[in-house]
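Chain by chain, the residues run as shown.
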Amino acid sequence: MYRSHTCGQLRAEHIGGEVTLCGWVDTVRDHGGAVFVDLRDRYGKTQVVFGPPQGSELINQAKRLKSEDVVQAVGKVTARPEGTVNSSLATGQIELRASQFQLLNAGNNPPFTPGQDDLPSEDLRLKYRFLDLRRSEMQRTLMLRSQIIKGMRDYFEEHQFIDVETPILGRSTPEGARDYLVPSRVHAGKFYALPQSPQLYKQILMVAGYDRYVQVARCFRDEDLRADRQPEFTQLDMEMSFVDAEDVIGMIDGLVKRLAKSILGLDVALPLPRMTYDEAMERFGHDAPDLRFGMELIDCTDLAAESEFRIFRGTVESGGKVRGMNAAGAAPKYSRKDIDTLTEFVKHDFGAKGLAWFRVEPDGKLWSPIAKQFPDELLAKFAQRMHAAPGDLLLFVADSWPVTCKALYGLRKRLGAELKLYDPKTMHFSWVVEFPMFERDPEEDRWVAMHHPFTAPRKQDLASLMSDPGNCRAQAYDLVINGSEAGGGTIRIHDRQSQQDVFQLLGIDENSAKERFGFLLDALQFGAPPHGGIALGIDRFVMLFAGLDSIRDCIAFPKTQRATDLMTEAPGEVESKQLKELNIQIVRTQT
RNA sequence: GGGGCGGUAGCUCAAUUGGUUAGAGUACUGGACUGUCGAUCCAGUGGUUGCGGGUUCGAGUCCCGUCCGCCUCGCCA
């Protein structure tokens, strides 16, 4: 045994004991006749003292210790002299009087040290991830992640779920995100695909009678990255038989309540609030609204129709919408120039044609460069509709329905943060339900599944599935935390005919349906129970529970925005022999 | 694929709107010091300003290209 205790363990009760500690040198304070070394491991820090009455040879060696050296120190636990107790350290009551120590390995002056006050740039942190992971903040996050996953596993085990592993090497499916492909050596020219989710396998498990399945599943999607998106990520994937949406939502409600309590000490009232997709789009312009603050979107299309203002009127006449929001009290905080910046933001980022705005004057009247083009009484109606009070800033976007949604969602998110409309520490959990079954892909002019092609419509929409797919709503539910989609699931189609209908709607003809999903259609034919489930994004869960802004800080070895690993330098080239075995030839395209 | 921000000493940053020999803190090296805990004090080393080209009497600063990191739109069933 290298050590008898950890560096976070020793307390006053250990005084007098002979112990051995191992750890990294955090700081060295050399006083000539005495040397103080803070020894660190993931449990904490302990001060090790080298000095009289011990021999000077020990001190001379201790003087040579440097940051990040790995050291084993043997000695007696002693009480710190009066006045030298360090109350900011858990072990601050005691110190280790070293009688001997051994340098297990040198730190060699690394590019940065875990204790330094200014965080190094992220590329450096990723390149030397082993140093970055020594930082206490990273260690706390990874421990939190471990606790969250354990909490999830315990919960589902208590509810009779069975953990079943599903394949990583599967087959590519036509719909959805871009697949990561793995070439087959045995079958020249053929490829496996890494799973975007274990969706079909878990449905098959339901058909097989494993009526409560759970898995911590790694998933892969070859799409562009974001602060909250990685090409490989981890889902808590679950599926249940003989359930409706209420049952699945109720099961996750219980999990959320328990995790909030055990991890954050929060009491969450159940059931979690819910709203439909249509309501979320109407009130917030987005399917994962941040409910930590108000500032909801307000539709003024009818009022805009009365105005002579060309942009408003024209938008209404061409079937668009005029919607706005009231940034209460924001007028003094936003200069003309600031508003120009917001205008550029909605134009550039969301394709809006512009941003109309009014300032509410002390007398309650609306002022704006465009106010002249509105009769006073119409302005009064706008003011009333927008619940305007002096000092408020009213912002309007006149555009197509989707553009007003996107632009005002972006604006609301931005202003919510800028105006500090919420405490970043608060947590808000809710559900968005009844998503559309399909949306129109304008490029290919066809229907695509909003969630996935195995989603069941609401019972009342079953009859109009083929005749009016655009208005069908799904038995779908997304868990939203602080404006982030933290998970999503559906009740699945469990009869073959409905599944074939949906495939047909999506333009998957009978032959290719049989070729790609024949096993599913078979399974649905031979005794499939009603079933449904959900997948929670574990990385995002950790990010939100830890109050972090980047998913990369919740993953031990994350990828950069260009999907590379700066430490291993993956992806890398392979030897031509490997390519030959796989029957693969690299085509170098010149630009 | 589009837009934006950034890259200067090992690290974190500064450098007067193009002007002398590119600075500071920290780390590092040497020295002093028996109670510090971000120890302190003294001295010192350390630079291809990401890379390539251009404009200019003169470029860290301006222009073009390129690489890398981050944010974002598109994309992400």
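Fair warning: this is a prediction, and the values are worked out from it, not measured in the lab. (Residues numbered from 1 in each chain as written. Chains lettered and ligands numbered in written order. Predicted model: local features only at pLDDT ≥ 70, side-chain atom pairs only at ≥ 80, totals over all residues. Heavy atoms only, no water.)

### A word on the sheet that holds strand β5 (residues 94-105)
And then number 1: The strand order β1-β2-β3-β5-β4 describes a closed barrel built from five strands, whose pairing is mixed. On average, each strand axis in the sheet is inclined to that of its neighbour by 55°, with strand direction left out of account.
And then number 2: Sheet analysis places strand β4 (residues 70-79) next to β5, joined by 10 bridges and oriented antiparallel. Directly across from T78, in β5, lies its bridge partner E95.
And then number 3: Against the sheet, helix α1 (residues 56-63) contacts β1 (18-30), β2 (35-41), β3 (44-50) and β5, and its axis sits at roughly 65° relative to β5. (Pairing = 2+ DSSP bridges. Helix = DSSP H or I, 4+ residues; strand = E, 2+ residues; numbered from the N terminus. Axes fitted to C-alpha atoms, helices over the stretch in contact; angles between N-to-C directions. Contact = heavy atoms within 4.5 Å.)

### Observations regarding the protein's contact with RNA strand B
And then number 1: The local shell around RNA strand B holds 53 residues, among which T84, R97, D117, A449 and H451 are the closest.
And then number 2: Of everything in RNA strand B that lies within 4 Å of the protein, sugar and phosphate atoms constitute 51%.
And then number 3: Contact distances for RNA strand B include 2.6 Å between a base oxygen and a side-chain N or O atom of R29.
And then number 4: The side chain of S197 places a nitrogen or oxygen atom 3.0 Å from a base nitrogen of RNA strand B.
And then number 5: Secondary structure elements with two or more residues in the surface near RNA strand B: β1, β2, β5, α2 (122-127) and α10 (336-350).
And then number 6: Broken down by class, the residue content of the surface near RNA strand B amounts to 14 nonpolar, 18 polar and 21 charged. (Near = heavy atom within 4 Å. Polar contact = N/O pair within 3.5 Å; in protein donor to acceptor, adjacent residues only side chain to side chain. Nonpolar A, V, L, I, M, F, W, Y, C, P; charged D, E, K, R; others polar.)

### Regarding the packing of helix α13 (residues 496-505) against helix α14 (residues 510-525)
And then number 1: Taken N-terminus to C-terminus, the directions of α13 and α14 make an angle of 155°; their axes are 9 Å apart at the nearest point. The pairing of α13 with α14 is recorded here as roughly antiparallel in orientation. Crossing angle aside, the handedness with which α13 passes α14 is right-handed. Listed contacts from α14 to R496, Q499, Q500 and F503 of α13 are A513, K514, F517, L520, L521, D522, L524 and Q525. (Parallel < 35°, antiparallel > 145°, perpendicular 65-115°, else oblique. Left-handed = near helix turned anticlockwise from the far one by under 90°.)

### Notes on the layout of surface pockets
And then number 1: Considered as a void within the structure, the second largest pocket measures approximately 550 Å³ in volume.
And then number 2: Surrounding the second largest pocket, 18 residues form its lining, Y180, L181, P571, G572 and V574 being those nearest its centre.
And then number 3: Of the residues that constitute the lining of the second largest pocket, the class distribution is 13 nonpolar, one polar and four charged. (1 Å grid on protein atoms, 1.4 Å probe; cavity = no way out; pocket = protein on both sides within 12 Å on 5 of 7 lines; lining within 4 Å. Points joined across faces, edges and corners; volume = space filled by probe spheres on them.)

### Observations concerning the packing of aromatic side chains
And then number 1: Using the criterion set out here, one finds 25 aromatic pairs in the structure.
And then number 2: Note on Y128 and F130: the rings are 6.1 Å apart at their centroids and 90° apart in plane angle, and the pair reads as edge-to-face.
And then number 3: Residues F312 and F374 carry aromatic rings whose centres are separated by 5.7 Å and whose planes lie at 75° to one another, so their mutual orientation is edge-to-face. Remark: F374 occurs in the loop between β15 (366-367) and α11 (376-385) and F312 occurs in helix α9 (residues 310-317); sequence separation between them is 62 residues.
And then number 4: You can call F312 buried: its relative accessible area is 1%.
And then number 5: For F374, a relative accessible area of 4% puts it in the buried group.
And then number 6: By way of ring pairs, the aromatic residues F309, F312, F358, F374, F382 and F396 are connected into one cluster. (Phe/Tyr/Trp six-rings, centres within 6.5 Å; stacked < 30°, edge-to-face > 60°. Buried < 20%, exposed > 50% of the residue type's maximum accessible area, 1.4 Å probe, protein only.)

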